[in-house]
Amino acid sequence: MICVSLAEPTVELAKRSMFRAAERAEIVELRLDQLDHLPDAEGLASLLKDRPCPVIVTNRPVSLGGKHDQPDEVRLNTLQAAIELGADYVDVELEQVGKLQRRKASKIIVSYHNFDSTPPGLGNVFNEMAHPGADVVKVATMANSILDNLKMFEGLRHASVPCIGLCMGELGLMSRILGRKFGAMLTYAPMDPAKATAPGQVPLEDMIGLYNYRAVNSETQVYGVIGNPVAHSISPAIHNAAFRALGVNAVYVPFRVEGDVCNFIDACRGIPAQGYSITIPHKQAAMTALDEIEPICRKIGAVNTAVNRNGRLVGSNSDWTAAIGAIEAGLAGRGLAGKRVALVGAGGTARAIAFGLKAKGAVTCIYNRTPERARTLAEEVGCEWAALDALGPDLAAAVLANATSAGMYPDTDATSVPPSVLKPGMVVFDAVYNPVWTRLLCSAEEAGCTTVSGLEMFINQAVQQITTWTGREAPRELMEAVTREKLGVVE
Ligand code: NAP
């Protein structure tokens, strides 16, 4: 179930929001403690009368975020009144549960909050809270590390009572989506992100549309992007759309890993996670956490994909195949073997492309702003190199590939390649995809070159990941449409 937690200032607004929420969510939580004025008996009755969906009535003390400094006795009287009025659920803190009189129509959620940390042994916490007066146990703790979510899942797994379990804070996001897989009865989501009642809540529309929460069950396979930052990654939108279109019971979530990526990957073997996209800054370090690595990844020195094959995590790198595939598409089947390629840049992306070009038999020269880096990479790959300012009108290359970040938003006027280099018929690829039409690609178009944008590479690698994970053909058109929409690409 998805529960919309309502923190409205008046009874009237709370009623209105309740009807709106009931159109999209199964249940609402009425946070009485967030009203500007605590409701009297009449106000409470009017909130509960003719309600459009089940409600949880909550009335927190100030220490747990409530707005009103009310004696516990008064607070509990209000909750008792809600029980007498037949509220579907009443949420009360563990210490107070014995003070409420149960009635058949109302269930009691007994809750424990820890705003500082997520302690170990949550399975015991859930079970110890299973007071005779409680129907549901709720545990909400602060995530200070992404690993805290795994403690919560462990707790949910071992709970022998109906339960709600989640980690708060941005680092707790995955618990809100995946808790259901481990038995959580519901998750909370704000209808309006600005009215979130706890840090890290996923907006209702994203919970339904982006993460397909209602389809999550104990069999759901877990995938995600490991990086930092990842909050604005568009990968969840692309991959979840693909899983949905393929009818695969899987969910893809962001994993913001701040510390040691190997710890995280090892800990997630217990979920178990079925596959990862791996992005900055973990592409290199993640290699040591995997059980097998495709040989070319060792040369490139990075992985961007991992798949769980019968418990063994296998790493690969779709950056190079995606870029090479994009360039080959620009060559319209003429192939890279024997072609002269000017590769601009010597960072991580250039490295992946350089080894890919080598594997395809291209004759590559690496140009870079810092010539020493070009030289080091060229020596490893076994190709030519030169300083960036050696790139001039005399360039005789069939392909020019930019793998620098020059031209990327917000510095969209920048380019690492002077227009005089560009010749009709040359294939010009730019790894930058934000914007799609970089200054380099615009100049290349004007010069009569065949242009290939970083968007092609971006989509290729997402498509390859879906195929690696599912063994099925990815819904490329859909993934491309989602990518374009998320990037705001207008042609
Ligand atoms: P990186 O490791 O930081 O390397 C950056 C490279 O860009 C270095 O060679 C650097 O030269 C060069 N550079 C930066 N600013 C420059 C400028 N103003 N003029 C000339 N050279 C400049 O970055 P990366 O991870 O390889 O990423 C490079 C680009 O590829 C980024 O824009 C990224 O978004 C894009 N990318 C796209 C995809 C895709 O799917 N389309 C995938 C991955 C990456 P120095 O060595 O002199 O510093």
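Because the structure is predicted, anything quoted here is derived from the model rather than measured. Numbering of residues begins from 1 in every chain and follows the order in which that chain's sequence is written. The predicted origin of the model limits local features to residues at a pLDDT of at least 70 and limits the giving and counting of side-chain atom pairs to 80 or more, whereas totals for whole chains, interfaces and linings rest on all residues. Values shown for side chains rest on all heavy atoms present in the structure; no hydrogens or waters enter the calculation.

J.: Quick one: what's the story with the overall build of the protein chain, residue by residue and with numbers?
T.: On a plain count of helices and strands, the protein chain comes out with 16 helices and 20 strands. For the protein chain, the C-alpha atoms occupy an extent of roughly 85 × 45 × 40 Å along the three principal directions. Across the protein chain, the fraction of contacts at a sequence separation of at least 24, relative to all contacts at a separation of at least 6, is 66%. Helix and strand definitions follow DSSP, with helices as H or I runs of at least four residues and strands as E runs of at least two, each counted in order from the N terminus. In this analysis, two residues are considered to be in contact whenever any of their non-hydrogen atoms come within 4.5 Å of each other.

J.: Summarise the sheet that holds strand β15 (residues 340-344); cite the residues concerned and give the values.
T.: Strand pairing is defined by DSSP finding a minimum of two bridges between the two strands. Strands sit in the order β17-β16-β15-β18-β19-β20 across an open sheet of six strands; the sheet is parallel. Each edge of the sheet is formed by a strand with only one pairing partner; in this case those strands are β17 (384-387) and β20 (450-452). Here the strands of the sheet are splayed against their neighbours by 20° on average, with no regard to which way each runs. By the bridge criterion, four bridges tie strand β16 (residues 363-368) to β17 in an arrangement that is parallel. Residue pairing across strands places Ile366 opposite Trp385, the latter belonging to β17. With respect to the sheet, helix α12 (residues 348-359) is in contact with β15, β16 and β19 (427-430), its orientation differing from that of β15 by roughly 170°. Think of each axis as a best-fit line through the C-alpha atoms, taken over the contacting stretch in the case of a helix, with angles from 0 to 180 degrees between the N-to-C directions.

J.: Which residues make up the environment of Ala242, and what values go with them?
T.: Of note, Ala242 is situated in helix α8 (residues 235-246). As a C-alpha pair, Ala242 and Arg476 span 234 residues in sequence and 8.3 Å in three-dimensional space. Beyond its immediate sequence surroundings of up to four residues, Ala242 is in contact with Ile466, Pro475, Leu478 and Met479.

J.: Pulling in residues and values, what's your account of the packing of aromatic side chains?
T.: A pair of Phe, Tyr and Trp rings is counted when the ring centres sit within 6.5 Å of each other, with Trp represented by its six-membered ring. The angle between the planes then sorts it: under 30 degrees is stacked, over 60 is edge-to-face, the rest tilted. In the structure shown here, the tally under the stated rule is nine aromatic pairs. Here the aromatic rings of Phe255 and Phe264 are separated by 5.1 Å at their centres, their planes lie at 55°, and the arrangement is tilted. Look at Phe255 and Tyr276: their rings are 6.0 Å apart centre to centre, the planes differ by 70°, and that puts the pair in the edge-to-face class. A residue pair is termed long-range when its members are at least 10 positions apart, and Phe255 in strand β10 (residues 250-256) and Tyr276 in strand β11 (residues 273-278) qualify at 21 residues. Burial classification: accessible surface area is computed with a 1.4 Å probe over protein chains only, and a residue below 20% of its type maximum counts as buried, one above 50% as exposed, and the rest as partly exposed. Taking the relative accessible area as the measure of exposure, Phe255 reaches 0% and is therefore buried. Among the aromatic residues, those joined into a ring-pair cluster are Tyr223, Phe243, Tyr252 and Trp469. We call a charge positioned over a ring when the NZ of a Lys or the CZ of an Arg lies within 6 Å of the ring centre and within 35 degrees of the ring normal. The side chain of Lys181 reaches across the aromatic face of Phe182, ending 5.9 Å from its centre.

J.: Explain the site of the ligand to me, and be specific about the residues and the numbers.
T.: With respect to spatial proximity, 22 residues lie near the ligand, and among them Thr349, Asn368, Thr370, Arg373 and Ala431 are the closest. The definition of a polar contact used here is a pair of N or O atoms within 3.5 Å, where within protein one atom must be able to donate a hydrogen and the other to accept one, and adjacent residues in sequence count solely through side-chain atom pairs. Within the side chain of Thr370, a nitrogen or oxygen atom sits 2.5 Å from an oxygen atom of the ligand. A distance of 2.7 Å separates an oxygen atom of the ligand from a polar side-chain atom of Arg373. Per-residue accessibility takes into account occlusion by the displayed protein chains alone, with areas from the Shrake-Rupley method and a 1.4 Å probe. For the ligand, the protein covers 77% of the area, taking 930 Å² as the surface of the free molecule. Contributions of two or more residues to the shell around the ligand are made by α12 and α15 (454-470). For the shell around the ligand, a count of residues per class yields ten nonpolar, ten polar and two charged. Think of it this way: one heavy atom of a residue within 4 Å of a molecule or strand is enough to make that residue near it. Amino acids outside the nonpolar list (Ala, Val, Leu, Ile, Met, Phe, Trp, Tyr, Cys, Pro) and the charged list (Asp, Glu, Lys, Arg) are all regarded as polar, and Gly is one of them.

J.: Describe in detail the domain arrangement of the protein chain, supporting the description with residues and values.
T.: Segmentation of the chain into domains, including their bounds, is taken from an automatic or database domain assignment. Considered domain by domain, the protein chain is made up of domain 1 (2-218), domain 2 (224-316 + 464-487) and domain 3 (330-452). A C-alpha centroid distance of 27 Å is found between domain 2 and domain 3. Listed by partner, the interface residues are five residues for domain 2 and five residues for domain 3. The term salt bridge refers to a side-chain nitrogen of Lys or Arg lying within 4 Å of a carboxyl oxygen of Asp or Glu. On the surface where domain 2 and domain 3 come into contact, there are zero salt bridges.

J.: Describe in detail the packing of α12 against helix α13 (residues 371-381), supporting the description with residues and values.
T.: The N-to-C vectors of α12 and α13 enclose an angle of 35°; their axes lie 10 Å apart at closest approach. Between α12 and α13 the crossing geometry is right-handed. In contact with Ala350, Arg351, Ala354, Phe355 and Lys358 of α12, α13 contributes Leu377, Glu380 and Val381. Tallied by class, the residues present in the contact of α12 with α13 amount to five nonpolar, no polar and three charged. Left-handed describes a crossing in which the near helix is turned anticlockwise from the far one by less than a right angle; the clockwise case is right-handed.

J.: Explain the side chain of Thr483 to me, using residue names and the numbers behind them.
T.: One can find Thr483 in helix α16 (residues 476-487). The residues touching Thr483, leaving out its near neighbours within four places in the chain, are Ile234, Ile238, Leu455, Phe458 and Ile459.

J.: Go over the pairing of strand β7 (residues 163-168) with me, naming the residues and quoting the values.
T.: Of all the six residues making up β7, six are buried; the element is thus mostly covered by neighbouring parts of the structure. Neither face of β7 is exposed, since Cys163, Gly165 and Cys167 on one face and Ile164, Leu166 and Met168 on the opposite face are all buried. Sheet topology places strand β6 (residues 136-142) next to β7; six bridges connect them, and they run parallel. Among the inter-strand pairings, Met142 is bridged to a residue of β7, identified as Met168. Handedness of the crossover is the feature at issue here: the chain leaves β6, passes through helix α5 (residues 147-158), returns alongside β7, and the resulting connection is right-handed. When the strands point away from the viewer, a crossover counts as right-handed if the path from the first strand over the helix to the second runs clockwise.

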